[in-house]
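Working through the structure, step by step
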Amino acid sequence: MTTTTEVPQVETLQLVDGGMNFDGVQALEDVSISVKSGEVVGLIGPNGSGKTTTLNLVSGMLHPTTGRVMLGDKDLTRMSMRKRARIGIVRTFQSVRVFGRLTVAENIEVAALGCGMRRHEARELTEELLEELNLESVANTAAESSPAGLIRTIGIARALATRPKFLLLDEPAAGQNESEAVELIEAIRNISRRRACGVLLVEHDMSVVMSTCDRLHVLDSGRTVIAGLPQDIRHDPQVVEIYFGKRH
Amino acid sequence: MILQIIVDMVGLGATYALLTIGIALLFGILGLMNFAYGEIIMIGAFAMYLFKDYPWFVGVLAAVVFAVVVSVLTERLAFRPLRNADPVTLMIASFAVSLALQSVMRMTVLPRTQGVPPQPFLTESITVFGIRVTVLQIVTLVLCGVLLGGLALLMKKTPLGVQLRASAENFQVAKSLGVKGSFVIMSAFAIAGVMAAASGVILVARQGAVSAEMGLTPLLIGIVGAVVGGMSNLKGAALGGLLLGMGTGLLEATLPTDLIAFRDAFLYSAVMVVLVIRPQGLLSGTKVRTS
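Residues numbered from 1 in each chain as written. Chains lettered and ligands numbered in written order. Predicted model: local features only at pLDDT ≥ 70, side-chain atom pairs only at ≥ 80, totals over all residues. Heavy atoms only, no water.

**Considerations on the nonpolar core**
Among the nonpolar cores identified, the biggest contains 137 residues, and A:Phe99, A:Leu135, A:Leu167, B:Ile23, B:Tyr37, B:Met195 and B:Val210 are the most heavily contacted of them. Considering each element in turn, this core owes the most residues, 14 residues, to helix α9 (residues 181-207) of chain B. Contacts of B:Met195, omitting those with residues within four sequence positions, involve B:Leu18, B:Ile21, B:Gly22, B:Tyr37, B:Leu147 and B:Leu151. (Core = buried A, V, L, I, M, F, W, Y, C linked by side-chain atoms within 4.5 Å. Buried < 20%, exposed > 50% of the residue type's maximum accessible area, 1.4 Å probe, protein only. Helix = DSSP H or I, 4+ residues; strand = E, 2+ residues; numbered from the N terminus. Contact = heavy atoms within 4.5 Å.)

**Describing the interface of chain B and chain A**
On the side of chain A, 24 residues touch chain B, which itself brings 21 residues to the contact. Among the residues chain B hides against chain A, the three largest losses belong to B:Glu169, B:Ser176 and B:Leu177. Together they make up 30% of the total. For A:Glu106, the salt bridge identified is with B:Arg165, shortest N-O distance 2.8 Å. At the junction of chain B with chain A, the criterion picks out 5 residue pairs in polar contact (both at pLDDT 80 or more). Those elements that provide at least two residues to the side of chain B that touches chain A are α6 (135-157), α7 (159-169) and α8 (171-176) of chain B. Ranked by residue count, the leading element in the side of chain B that touches chain A is α7(B), at 6 residues. (Buried area = accessible area lost by both parts, 1.4 Å probe. Salt bridge = Lys/Arg side-chain N within 4 Å of Asp/Glu carboxyl O. Polar contact = N/O pair within 3.5 Å; in protein donor to acceptor, adjacent residues only side chain to side chain.)

**A look at the side chain of A:Thr212**
Along the chain, A:Thr212 falls in helix α7 (residues 206-212). Setting aside chain neighbours within four positions, we find A:Thr212 in contact with A:Val40, A:Ile185, A:Ile188, A:Arg189 and A:Leu201.

**A closer look at unusual backbone geometry**
Residues and elements named next belong to chain A. We note that Ala196 has phi near 50°; this positive angle belongs to a residue other than glycine. Given a relative accessible area of 27%, Ala196 falls into the partly exposed group. The backbone phi angle of Ser221 is positive, close to 50°, even though this residue is not glycine. Checked against the element boundaries, Ser221 lands in the loop between β9 (215-220) and β10 (223-228).

**Considering the sheet that holds strand β3 (residues 40-44) of chain A**
All names here are of chain A. As summarised here, the arrangement of the 6 strands in space is β6-β7-β8-β3-β9-β10, forming an open sheet in which the pairing is mixed. One side of each edge strand has no neighbouring strand; the edge strands of this open sheet are β6 (89-91) and β10. Neighbour-to-neighbour, the strand axes of this sheet turn through a mean angle of 15°, independent of strand direction. Against the sheet, helix α5 (residues 148-160) contacts β6 and β7 (166-170), and its axis sits at roughly 160° relative to β7. Relative to strand β8 (residues 198-202), helix α6 (residues 178-194) is tilted by about 150°, and along the sheet it contacts β3, β7 and β8. (Pairing = 2+ DSSP bridges. Axes fitted to C-alpha atoms, helices over the stretch in contact; angles between N-to-C directions.)

**Some thoughts on the confidence of the model for chain B**
Overall, the predicted model of chain B reaches an average pLDDT of 89, with 97% of residues at or above 70. Among the scores for the predicted complex, ipTM is 0.76 and pTM is 0.81. (pLDDT = per-residue confidence, 0-100.)

Set out below in structure tokens:
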């Protein structure tokens, strides 16, 4: 082992003036959002507000029509999703898309292998993650036979197996019951703290966002409405109108 | 008598299972219906012809090398540029590759059918409990067993296997987790090349000849077997091939002489019945890959 303990460097992942145009439809316009190591940033807004598009731009699934994606002072705008995964920017998917015919353990292992770990390293990390996320009991069953709530957890475990510096989570609590959601909040906060990993959380469920995030970013119709601390945003009249107003 | 038929059936079934696996492997991972697979078999068989004066294992080795190299080359030159293309485009490209390989071989080194004298030791037979088994049958069974078992182990136990299976299920998600898609695909083509070489070796030994067009029949058998068993599932594909081969053997042994000529008509009618009852294949789940 190394003699000097490495102090994890604080890095910033950001989308700068990001815009996305789908065949003439402006899905996103001049949205700037940043996440620092160890920070949980929530991205909220009504359906069609551009949350998932923003996540797609940051993860590299889509490339922005305008604006840039930066990690520190490195420009990632044209980098592929796979290469971003290899440098530690990893996403989950809204419809988790686990590898159904692989076992739960294999789902996690394949991500560790994908990011270049050796086999025994990958196995060890898989064991750790199975334990940390309470998946040990289902480790060797086919992922497709897991209940919906558990599948989201598998998706997160799988993303964590790449040892991400930044984790982009697309609606991780959707389809989970209340106790599962509470567990998930705990898990996300722990992930962020223990691994000094930055988390960008796209979420519908306001209670999840409020209790998990350090900062919030509110989108509507592809534009930023407001960004700031959760307690400030909760009472912002604009947010209440566009977000809470629609739901309650 | 019955045992003799069963032994012959299993031998043919194992041969067919090798064919279907090669087809299903590429289909499962790429959604590629590879019509050029028959030509890879032909290339393997051609290597056997080229090295017919050397000891048998030299020819086998050459067959593996030739088939793997050509299989990987087709990926690099023809299929990689079409990585994100529609499955139909890929299929048509594989037709083109198939025809190109066939024509090039016919124009250059294999203008007409060439005989490959069978290795004397392969035609010898031993009799156990009144059943006559040729060495070729034993070699076929062992080869198929080793290859299918080896492939199962590779898929189940190795890092490459896990990544292959993950990529087969969802290529994009696998890539989003850092899996090197290009490497995985190249490996799949290399493995398919090994399978094709084995099929080529067995075919040459059975037919005693090679020709540029010899890949067509095994290709059709491979596709039909894979469809019967379930295209996106290796176990199912192997079962489909095995059943198809055993069916062929059974019909050959039991049909009256006048009807032998219509063997394939009976066989493929049975295939149609199976597909009407289970259109997704025998062992496939209900999921059909759409992307």
